[in-house]
Amino acid sequence: MAEKLRSFVEVQEDSHFPLQNLPYGVFSTAEEPRARCGTRIGDFVLDLAALEEASLLATRYFDRPGLNAFMAAGQAVWTATRQRLQHLLSAETPDLRDDTALLARALVPVDRVTMHLPAQIGDYTDFYSSRYHAENVGHMVRGAANALMPNWRHLPVAYHGRASSLVVSGTPIRRPLGQMQPGDAGAPVFGPSQALDFELELGFLVGPGNELGDPIPVSQAYRHIFGFVLVNDWSARDIQRWEYRPLGPFLGKNFATTLSPWVVTLDALEPFICNGPVQDPEPLSYLRSKNHWTYDIQLEIRLRSAAMDTPATVSRTNFRHLYWNVCQQLAHHTVNGCNLRPGDLLASGTISGPVPDSYGSLLELAWGGSRPIALPDGSQRVYLEDGDTVILTGWCQGNGYRVGFGEARGAVQAARPITETMGEMR
Ligand code: CA
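The numbers attached to residues start from 1 for each chain and follow its sequence in the written order. Only residues with pLDDT of 70 or above have their local features reported here, since the model is predicted, and side-chain atom pairs are shown and tallied only from 80 upward, although totals for entire chains, interfaces and linings are computed over all residues. Note that water and hydrogens are dropped before the side-chain values are worked out from all heavy atoms of the structure.

K.L.:
What am I meant to see in the packing of aromatic side chains here?
P.N.:
Two numbers describe a pair of aromatic rings. These are the distance of the centres and the angle of the planes. For Phe, Tyr and Trp, rings pair up if their centres lie within 6.5 Å, where Trp contributes its six-membered ring, and each pair is then called stacked (planes under 30 degrees apart), edge-to-face (over 60) or tilted (otherwise). Evaluation of the coordinates by the stated rule reveals 17 aromatic pairs. Judged by centre distance (4.9 Å) and plane angle (65 degrees), the ring pair of Tyr24 and Phe70 falls under edge-to-face. Of this pair, Tyr24 sits in strand β1 (residues 24-29) while Phe70 sits in helix α2 (residues 68-73), and the two are 46 residues apart along the sequence. The pair Tyr24 / Phe70 is uniform in exposure class, with both members buried. Chaining the aromatic ring pairs together yields one cluster made of Tyr24, Tyr61, Phe62, Phe70, Trp78 and Phe226. Put simply, DSSP marks the helices as runs of H or I at least four residues long and the strands as runs of E at least two long, and each gets a number from the N terminus on. Each residue gets one of three labels from its accessible area relative to the maximum for its type: buried under 20%, exposed over 50%, partly exposed in between, using a 1.4 Å probe on protein chains only.

Laid out in structure tokens, this is it:
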């Protein structure tokens, strides 16, 4: 039935944003620089604050620079709002379709908007939920026999990331300076990272969340997931390698993390639910649910050097490869009483598939530098070079339509000169 939905706004068949999607984001325009919430239909952004003002929406969530209040409102409000928007944008509904004055204000061509982060994101947690990724990295670090740490199949491993350096798609990424140990021996040096990498991830933004001390059971976790964005967890492997023992990632990770601007809701993803991988051994009871489900989301990594006109696809994978699902991640995160707040970001960890052209990082695609990948401009990559643009994209394929995420894009800029970082200490 879903494929019959049609809007009065024209939507191409390969568009990520048909009436079946209706993701939420935050935007501004040159004419109206006040950031407010909108949804996306085809090549247009629909201004939801304008719809509230015109009383076509009865809500009061969208005239704000973040979706946090809407995220806090919960699933019943999300679903009712989505149904109302599908109705208003339907080809059969005249209310918005025939109101030319309102349409001129509220329906903005996408090339005239500036997108912002979709919420005030208070906390960011990064999981490590792809078994293929964990095995690949473990293989390179500890050898094939000890690829997975003993805890890995018993709990969704994660660390607390840094929320202040989350940036929206399109923000340039400055190559970080840092301390590293070339050749993994001898004295450390300071300078620009020589091993700048991307990580293909999908993250979800938390809905109502929980009070401190009050865990969210795995069976209720989906009620606390507002929706998903693409995440590029940029990583400086050389800085990371030298600093990470014993407390884990720090400056090798927290210089920038790119998010796609449109949050795709669970209602939009519902038709693409599929079985997750078999979990062996069976998880402890607080991580166990009747169905181990996930989503069938096709994912691609594209790379364009400064010399290339069009990006080349360097990896194709799928969200369904993740071993731990989002409900298990959320239940595990809160089982000790840790509180999650509306707009918090929980990212999946690098999503690698089972075969080499489905890996989610250059570390794996070029296998620690031993198998450089070739680009169409004749150059090779072990890690990213200045001027490289990385584009993550993803979508669910329906019957005659796509529910997509758009893209998370970032171009690598040269590091700051080291002298700029020196100064008198007094
Ligand atoms: Ca990561």
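K.L.:
Even after reading the chapter, I still don't get the pairing of strand β2 (residues 36-41), so can you show me in this structure?
P.N.:
Judged by how many residues are buried, β2 sits mostly within the fold: six of six residues are covered. Burial along β2 is two-sided: Arg36, Gly38 and Arg40 and Cys37, Thr39 and Ile41, pointing in opposite directions, are all buried. A strand pair is defined by DSSP finding two or more bridges across the two strands. Of the strand pairs in this sheet, β1 and β2 are connected by four bridges, and their pairing is antiparallel. Residue pairing in the sheet places Phe27 in a bridge with Arg36 of β2.

K.L.:
Explanation requested: the pattern of salt bridges in the structure shown.
P.N.:
Side chains bearing opposite charge may pair, as long as their charged atoms lie close to each other. A pairing counts as a salt bridge when a side-chain nitrogen of Lys or Arg comes within 4 Å of a carboxyl oxygen of Asp or Glu. Applying the stated criterion across every chain, the model contains 20 salt bridges. Linking Asp43 and Arg40 is a salt bridge whose minimum nitrogen-to-oxygen distance equals 4.0 Å. Residue Asp197 pairs with Arg237 through a salt bridge whose shortest N-O separation is 2.9 Å. One end of the pair, Asp197, is in strand β12 (residues 196-197); the other, Arg237, is in helix α7 (residues 237-243), with 40 residues separating them in the sequence. Side by side, Asp197 and Arg237 carry an identical accessibility label, which is buried. Among the ionic contacts, a cluster of salt bridges with common partners joins Asp197, Glu199, Asp233, Arg237 and Lys253.

K.L.:
Would you mind showing me how to read the environment of Ser358 here?
P.N.:
Looking at the element boundaries, Ser358 is found in the loop between β22 (345-347) and α10 (362-365). On the basis of relative accessible area, Ser358 is assigned to the buried category, the value being 4%.

K.L.:
Would you take a moment to explain the sheet that holds β1 for this structure?
P.N.:
Strand order across the open sheet formed by five strands is β4-β3-β2-β1-β5, with antiparallel pairing between neighbours. Strands with a single pairing partner mark the edges of an open sheet, and in this sheet they are β4 (107-109) and β5 (113-116). Taken pair by pair, the neighbouring strands of this sheet meet at an average axis angle of 45 degrees, ignoring direction. Across four bridges, β2 lies against strand β3 (residues 44-47) in antiparallel orientation. Axis lines are fitted through C-alpha atoms, for helices just across the contact stretch, and the angle between N-to-C directions can take any value from 0 to 180 degrees.

K.L.:
So what exactly am I meant to see when it comes to the sheet that holds strand β9 (residues 173-174) here?
P.N.:
The pairing of strands in a sheet happens through backbone hydrogen bonds and is either parallel or antiparallel. In spatial order, the strands read β9-β26-β25-β20-β21; together these five strands make up an open sheet with mixed pairing. In the strand order of this sheet, the two ends are held by β9 and β21 (312-318), each with one partner. Where strand β20 (residues 298-304) meets β21, six bridges bridge the pair, whose relative direction is antiparallel. Bridging across to β21, Glu300 finds its partner in Arg316.

K.L.:
What am I meant to see in helix α6 (residues 131-142) here?
P.N.:
Given 3.6 residues per turn, any residue in an α-helix points the same way as the ones three and four places further on. Here the expected length of a helix is defined as 1.5 Å per residue gap, with one fewer gap than residues. An ideal rise of 1.5 Å per residue puts 16 Å on 12 residues; α6 measures up with 15 Å between its terminal C-alpha atoms. Contact between two residues is taken to exist if any of their heavy atoms lie within 4.5 Å; hydrogens are not considered. Elements in contact with the buried residues of α6: α10. One or two steps after α6, the chain reaches Gly143, where phi turns positive at roughly 90 degrees.

K.L.:
What should I look at first to understand the coordination of the calcium ion in this one?
P.N.:
Note on metal geometry: ideal angles are 109.5 degrees for four donors arranged tetrahedrally and 90 or 180 degrees for six donors arranged octahedrally. Taken together, the protein donors to the calcium ion comprise Asp126 (OD), Glu199 (OE), Glu201 (OE) and Asp233 (OD), at separations of 2.2 to 2.4 Å. The sequence pattern describing where the donors of the calcium ion fall on their chain is D-x72-E-x1-E-x31-D. On the criterion of sequence distance, the pair formed by Glu201 in strand β13 (residues 200-206) and Asp233 in the loop between β14 (225-232) and β15 (235-236) is long-range, its members being 32 residues apart. Accessibility expressed as a relative area gives 0% for Glu201, which makes it buried. The class of Asp233 is buried, set by a relative accessible area of 0%. Only nitrogen, oxygen and sulfur atoms qualify as donors, and only when within 2.8 Å of the metal (3.2 Å in the case of Na, K and Ca); with water excluded, sites may look incomplete.

K.L.:
Quick question: what am I supposed to make of the environment of Gln397 here?
P.N.:
Position of Gln397 among the secondary structure elements: in strand β25 (residues 389-397). Between the C-alpha atoms of Gln397 and His16, which are 381 residues apart in sequence, the distance is 9.5 Å. Discounting residues that sit within four places of it in the chain, Gln397 has contacts with Phe272, Gln298 and Arg402. Contacts described as polar in this section are N or O atom pairs within 3.5 Å, which, within protein, must combine one atom able to donate a hydrogen with one able to accept it, while residues neighboring in sequence count only if both atoms come from side chains. Reaching out from Gln397, the side chain makes a polar contact with the backbone oxygen of Tyr401 at a distance of 3.4 Å.

K.L.:
Is there a simple way to think about the side chain of Arg82 in this case?
P.N.:
Considering the arrangement of structural elements, one finds Arg82 in helix α3 (residues 75-89). When charges are tallied, Lys and Arg are placed among the positive residues and Asp and Glu among the negative ones, while His and the ends of the chain are skipped. Here Arg82 is buried and forms no salt bridge, its nearest opposite-charge partner Asp267 lying at an N-O distance of 4.6 Å. A distance of 2.8 Å separates a polar side-chain atom of Arg82 from the backbone oxygen of Asn21. Leave out the neighbours within four places in its chain, and Arg82 touches Gln20, Asn21, Leu22, Tyr24, Thr265, Asp267 and Ala268.

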